[in-house]
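Each chain, written out:
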Amino acid sequence: MNTHFEPFIRHIAKLPGLGPRSAQRLLFHLLLNKSQNLNPLISTLQNLHDNAHSCSRCHNLAFHPPSEHEPLCSICLNTQRDNTLLCIVEHVPDLWAMENAGEFHGLYYVLGGALSTIDGIGPHDTHLGKLTHHISLYPKLSEIIIATSMTANGQTTAHYIAHLLKEFPHISLSRIAPGVPMGGELDYLDSGTLNAALASRTPFSLTSVK
Ligand SMILES: [Zn+2]
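Notes on the structure follow. (Residues numbered from 1 in each chain as written. Predicted model: local features only at pLDDT ≥ 70, side-chain atom pairs only at ≥ 80, totals over all residues. Heavy atoms only, no water.)

**Quick notes on the coordination of the zinc ion**
Point 1. Those protein atoms acting as donors to the zinc ion are C55 (SG), C58 (SG), C73 (SG) and C76 (SG), and they sit at 2.3 Å.
Point 2. What the four donor atoms of the zinc ion show is an angle range of 101 to 116° at the metal, which sorts the shape as tetrahedral.
Point 3. Here C55 falls in the buried class, since its relative accessible area comes to 1%.
Point 4. Residue C73 is classed as buried on the basis of its relative accessible area of 0%. (Donors = N, O, S within 2.8 Å, 3.2 Å for Na, K, Ca; no water. Tetrahedral: all angles 85-135°; square planar, octahedral: opposite > 155°, others 65-115°. Buried < 20%, exposed > 50% of the residue type's maximum accessible area, 1.4 Å probe, protein only.)

In structure tokens form, the structure reads like this:
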């Protein structure tokens, strides 16, 4: 392999689901027809680089041209969303899985990870610190659905959230659980399983079974 092509292979091979062999195939595919394959990809990536940001409110991905305003995602901008319901997820792909499943029409908050003692991930390494501020933006909220994963870390995070939200006693807490396999990450679930887990969510509190 020519050394000039190695940086591309190295970068692409680091991407999820790809390795050196697929990176090499991709390289040939892009270079053998630059006008059809490579050029549109370059402008698409440049567009994403310039305009894709983290939503300043819920931490979903937002597509927002650079401006003085804080970037908001399409969900936070949509006034038709049900502002009595809020769903807390670990990662953006979990939010997108919920959206694709189609049954949830409320608001979201993306934590950016789950608490983990083993990996040394504390509340300050996630967006947990801004959660109560986010909730205070929506005075009509009546239920918060904790949709962190069914892993030990996801459960620890759910309990931490329940502790944080004691200052909002008028908001009920629930947990999507039944139907989600232990260790299950939301974005690996099919829409039917996800919607069933949402429909059969159960009340959650600090005393809920760990
Ligand atoms: Zn948002």
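**Structural notes on the pairing of strand β6 (residues 172–175)**
Point 1. Note: strand β5 (residues 143–146) against β6, four bridges, orientation parallel. Bridged to I146 within β6 is R175.
Point 2. Traced from β5 through helix α7 (residues 152–164) to β6, the parallel crossover comes out right-handed.
Point 3. The pairing of β6 with strand β7 (residues 202–203) spans two bridges and is antiparallel. Among the inter-strand pairings, S174 is bridged to a residue of β7, identified as P203. (Pairing = 2+ DSSP bridges. Helix = DSSP H or I, 4+ residues; strand = E, 2+ residues; numbered from the N terminus. Right-handed = clockwise from strand over helix to strand, strands pointing away.)

**Some details on the sheet that holds β6**
Point 1. Sheet architecture is open: five strands sit in the order β4-β3-β5-β6-β7, paired in mixed fashion. The outermost strands of the open sheet, each flanked by one partner alone, are β4 (107–110) and β7.
Point 2. Across the sheet, helix α5 (residues 92–101) is in contact with β3 (85–89) and β4; its angle to β4 comes to roughly 160°.
Point 3. Running at roughly 175° to β6, α7 makes contact with β3, β5 and β6 of the sheet. (Contact = heavy atoms within 4.5 Å. Axes fitted to C-alpha atoms, helices over the stretch in contact; angles between N-to-C directions.)

Read these as geometric descriptors, not functional statements.
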